[in-house]
Amino acid sequence: MGQYRTEAILLAVRDWDDTARMVTLFSRDFGKIFAVGYGARRPKSQLAGTVQPFVHAELSLLPGKGYESIKQCDIINSFRAIREDLSMLAYANFLAELVVELWPEREAEPAVFDLLLASFEIMKVRNPRITALASALQLLALAGFNPERGICVCCGEPLTYPAFFDAATGGTVCSKCARPGLTEFSEEVAAFFERLLQLDWQSPGGFSVTGAVLIETEKILAQFITYCLDKPLKSMSFIAAVT
Ligand SMILES: [Zn+2]
């Protein structure tokens, strides 16, 4: 394949050497791709102002060994507002890292691309913390990770409340089966969970939730991500530090 064009979101951008930047991008047509922007650190390069984290662009890529070379980057949406706000930056980074970890290279997932793009759009106008929570739960579901929550994963009985979340088993457990130290999975958290999983990105509606339910849900999400990936995400500690 020669040089080709694809629509993509730049998920991670880091300096490669004195003149180049290494980019992990998620394209609509080909999924995750590693690419290098040669000259992107030179002020006069066309890539200098465009190869930045969270940019949505139309890219011209030249295939190479291990990684592609970015020949051109035409911005569709810069998402500059995200880079200029520490809180949005933290949540966007978290979603980007989650996508990078969940999908292998070159696996086309247009639904993931569309969800990520919608999340970045909504984040600018709505609460970025709740946006990231909804997006992360939906991304995990798209990757096939959906926590069991209608029944107790230990005894198999329909779930009654108060219930608990057991990340080690990937789902909810009833109060009779719960080990000590588990996070509570209250009826309010359960309802919020469903609301986030079913969030319609075209018309997201109201985000009203109590602080306690939000914190419990985040705690469960963090435990569930660590269970799914077998490790915590680096960006989760950054969120804790800046929010
Ligand atoms: Zn049980």
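Calculation criteria
- Residues numbered from 1 in each chain as written.
- Predicted model: local features only at pLDDT ≥ 70, side-chain atom pairs only at ≥ 80, totals over all residues.
- Pairing = 2+ DSSP bridges.
- Helix = DSSP H or I, 4+ residues; strand = E, 2+ residues; numbered from the N terminus.
- Axes fitted to C-alpha atoms, helices over the stretch in contact; angles between N-to-C directions.
- Contact = placed C-beta atoms within 7 Å.
- Domains from an automatic or database assignment.
- Nonpolar A, V, L, I, M, F, W, Y, C, P; charged D, E, K, R; others polar.
- Buried ≥ 20, exposed ≤ 12 C-beta atoms within 10 Å, placed from the backbone.
- Parallel < 35°, antiparallel > 145°, perpendicular 65-115°, else oblique.
- Left-handed = near helix turned anticlockwise from the far one by under 90°.

### Focus on the sheet that holds strand 1 (residues 4–15)
Taking strand neighbours around the barrel as the criterion, the five strands line up as 1-2-3-5-4 in a closed arrangement whose pairing is mixed. When the angles between neighbouring strand axes are averaged without regard to direction, this sheet yields 50 degrees. Pairing geometry for strand 3 (residues 31–37) and strand 5 (residues 68–77), over two bridges, is parallel. Residue pairing in the sheet places Val36 in a bridge with Ser69 of strand 5. Helix-sheet contacts for helix 2 (residues 86–102) involve strand 1, strand 2 (21–27) and strand 3, and the interaxial angle to strand 1 is about 110 degrees.

### Regarding the domain arrangement of the chain
How big an interface is tends to be stated in terms of accessible area lost as the parts join. Domain assignment breaks the chain into domain 1 (4–78) and domain 2 (81–242). For domain 1 versus domain 2, the distance between C-alpha centres works out to 28 Å. Facing 15 residues of domain 1, the contacting portion of domain 2 comprises 19 residues. Secondary-structure elements contributing two or more residues to the side of domain 1 that touches domain 2 are strand 1, strand 2 and strand 3. In the side of domain 1 that touches domain 2, the residues fall into eight nonpolar, four polar and three charged.

### So, the pairing of strand 2
Across the seven residues that make up strand 2, a large majority, six, are buried. Where strand 1 lies against strand 2, seven bridges are found, and the strand directions are antiparallel. Among the inter-strand pairings, Ile9 is bridged to a residue of strand 2, identified as Phe26. What sits between strand 1 and strand 2 in their antiparallel hairpin is a turn of five residues. Relative to strand 3, strand 2 is paired through seven bridges, and the arrangement is antiparallel. The partner of Thr24 across the bridge, within strand 3, is Phe34. The antiparallel hairpin formed by strand 2 and strand 3 contains three residues in its connecting segment.

### Observations concerning the environment of Val209
For Val209, the location among the structural elements is in the loop between helix 5 (187–197) and helix 6 (211–229). Classification of Val209 as partly exposed rests on a count of 19 C-beta atoms within 10 Å. Once the C-alpha coordinates of Val209 and Val189 are considered, the two residues, 20 residues apart in sequence, prove to be 9.5 Å apart. Not counting chain neighbours up to four residues away, the residues in contact with Val209 comprise Ile130, Phe192 and Leu214.

### Regarding the sheet that holds strand 7 (residues 171–173)
If you walk across this open sheet you meet the three strands as 7-6-8, and the pairing is antiparallel. The sheet terminates laterally at strand 7 and strand 8 (183–185), the two strands that pair on one side only. Geometrically, the sheet is characterised by an average inter-axis angle of 50 degrees between neighbouring strands, direction not taken into account. The sheet strands contacting helix 6 are strand 6 (163–166) and strand 8, and the helix crosses strand 8 at an angle near 115 degrees.

### A look at the packing of helix 4 (residues 128–142) against helix 6
It is the contact of helix 4 with helix 6, at a shortest axis distance of 11 Å, that shows an interaxial angle of 30 degrees. In terms of orientation, helix 4 lies roughly parallel with respect to helix 6. The two elements helix 4 and helix 6 meet at a crossing, and its hand is left-handed. Two secondary-structure elements touch here, helix 4 through Leu133, Ala136, Leu137 and Leu140 and helix 6 through Thr217, Glu218, Leu221 and Cys228.

### With respect to the pairing of strand 4 (residues 56–62)
Going residue by residue along strand 4, you find Ala57, Leu59 and Leu61 tucked away on one face and His56, Glu58, Ser60 and Leu62 left uncovered on the opposite face. Bridging between strand 1 and strand 4 involves six bridges; their strand directions are antiparallel. Bridge pairing links Thr6 to Leu59 in strand 4. Pairing analysis gives seven bridges linking strand 4 to strand 5, with the strands arranged antiparallel. From the neighbouring strand, Leu62 faces strand 5, where its bridge partner is Ser69. Between strand 4 and strand 5, which pair antiparallel one after the other, the connecting turn spans five residues, and Gly66 there sits at a positive phi close to 85 degrees.

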